[in-house]
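Chain and residue survey
Chain by chain, the residues run as shown.
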Amino acid sequence: MRLRCSICGNWDWLPREDWSECSHCRLMVRDVSEVGEVARDIVARLESGVVDLEREPAERWTLDPAGLRNAAWRFGFEVEPTADAPNAIRFPHDYRPAQAEAVPAQTVPHAVGLGIIARAADTADLVDIATYYRSAFARIVVLLDATADAARELAARLPWIEVAHRPLDGDFAAQRNRLQDMMQTCWVLQIDTDERPDAALLDALGWLVAAADRDGLRSLGLPRRNLVDGVQSASYPDIQYRLNRSDIRFAGRVHERPVVPFVESSLALAGALDHRLDGERVRERTRIYEAMSTGAGRPEDEALLLAPFDPVAVR
């Protein structure tokens, strides 16, 4: 049994001197079994308005500046550093005790664009997405792996969105890059037709991208909640770097990822993408991805996706 981190939900802990470090969000604890109490202590510090782990260290946990930002965003707070940062990086990954002021985040307007890569067979999902999120984004752009006729038909049905067509040809990064070029917004949330941003993520988008701009970030990793046959799977947080500035490029034909310096990226744990799958498609996808690129099938991912979610541990 591997206990999940109480900030991000990850179960992979790395030994670091007398600590166990979460490999995702950088939380460090003395005893992994105390992560629940640790989360409550972190929230209490954020609610107080000041987190100074240099002057007032916690006995059971610590966070460096980047880790504190991860935790603050997860619990709905914005943070402002109070200590001088090296190299003009506001929240460095440097294992120094974090020092910052915290305020509750507020929902604010934004100009984020929603980009969707899709197939002609995804029309029903596209209608649902374009209708439900019509007023939630500055613009909605669909890139279809289909014919020009199919794109024109979809555009006529959904005149408030932009539709283009381009063959996927088995290269997801190239498709995402084309969509990035089409967006005409500074920030872009890219989703597939079986994904939906949840209400918490929609409420957070404005303050998240404003904070990212202040901190010099260009790529944000979002948790993805996988629902297989309607049941949440053990594959969580399944981080997806889908909230990016529009000049970011992706690489990788399969399991594509943004090309960005590490210090210009961050987790953004406020909300999640809901990803609906059926069990047979999960099995089929493993075979398809492996055929597209050796090693891309990732059978271990299939096993996690088909196992039920336990909020406490991966068993």
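Structural notes, computed from the coordinates. Everything numeric here is computed off the predicted structure, so don't read it as measured data. (Residues numbered from 1 in each chain as written. Predicted model: local features only at pLDDT ≥ 70, side-chain atom pairs only at ≥ 80, totals over all residues. Heavy atoms only, no water.)

Let's talk about the overall build of the protein chain
- Each helix and strand in the protein chain was counted, giving eight helices and 22 strands.
- On C-alpha atoms alone, the protein chain measures out to a radius of gyration of 20 Å, which is about the 20 Å that the 2.2 N^0.38 rule sets for 315 residues.
- Every one of the 315 residues in the protein chain was classed for burial, and the buried ones make up 51%.
- Long-range contacts, defined here as pairs at least 24 residues apart, represent 67% of the contacts in the protein chain between residues at least 6 apart.
- By element, 49% of the accessible surface of the protein chain is carried by carbon and sulfur atoms, the whole surface being about 14600 Å². (Helix = DSSP H or I, 4+ residues; strand = E, 2+ residues; numbered from the N terminus. Rg over C-alpha atoms; globule rule 2.2 N^0.38 Å. Buried < 20%, exposed > 50% of the residue type's maximum accessible area, 1.4 Å probe, protein only. Contact = heavy atoms within 4.5 Å. Areas by Shrake-Rupley, 256 points an atom, 1.4 Å probe, with all protein chains shown as cover.)

Section: the side chain of Arg69
- With respect to the helices and strands, Arg69 occurs in helix α2 (residues 65-74).
- Using a relative accessible area of 3% as the deciding quantity, one classes Arg69 as buried.
- With residues up to four places along the chain from it excluded, the contact list for Arg69 reads Val79, Phe91, Asp215, Leu217, Ser265 and Ser266.

Quick word on the sheet that holds strand β15 (residues 224-228)
- Ordered by their spatial adjacency, four strands build an open sheet running β13-β21-β15-β16, and the pairing between neighbours is mixed. The open sheet has two free edges, formed respectively by β13 (195-197) and β16 (231-232), since each of these has just one partner strand. (Pairing = 2+ DSSP bridges.)

A word on the pairing of strand β12 (residues 187-192)
- Across the six residues that make up β12, a large majority, six, are buried.
- Burial along β12 is two-sided: the face carrying Trp187, Leu189 and Ile191 and the face carrying Val188, Gln190 and Asp192 are both buried.
- Bridge count for β12 against strand β17 (residues 240-245) is three bridges, and the pairing is antiparallel. Counterpart to Trp187 in the pairing with β17 is Arg245.

Section: the layout of surface pockets
- Quantified by volume, the second largest pocket comes out at close to 230 Å³.
- Classifying every residue of the lining of the second largest pocket by side-chain character gives nine nonpolar, three polar and three charged. (1 Å grid on protein atoms, 1.4 Å probe; cavity = no way out; pocket = protein on both sides within 12 Å on 5 of 7 lines; lining within 4 Å. Points joined across faces, edges and corners; volume = space filled by probe spheres on them. Nonpolar A, V, L, I, M, F, W, Y, C, P; charged D, E, K, R; others polar.)

Focus: the packing of aromatic side chains
- Considering all chains together, one arrives at four aromatic pairs under this definition.
- Taking 4.9 Å as the distance between ring centres and 80° as the angle between the ring planes, the aromatic pair formed by Tyr132 and Tyr133 counts as edge-to-face.
- With 5.9 Å between their ring centres and 80° between their planes, Tyr236 and Phe309 make a pair best called edge-to-face. Here Phe309 lies in the loop between α8 (299-305) and β22 (313-314) and Tyr236 lies in the loop between β16 and β17, a separation of 73 residues in the sequence.
- Since its relative accessible area comes to 16%, Tyr236 is described here as buried.
- Seen from the ring of Trp73, Arg69 lies directly overhead, with NZ or CZ sitting 5.7 Å from the centre.
- Here the guanidinium or amino end of Arg134 rests over the ring plane of Trp160, the centre of that ring lying 3.9 Å away. (Phe/Tyr/Trp six-rings, centres within 6.5 Å; stacked < 30°, edge-to-face > 60°. Lys NZ or Arg CZ within 6 Å of the ring centre and 35° of its normal.)

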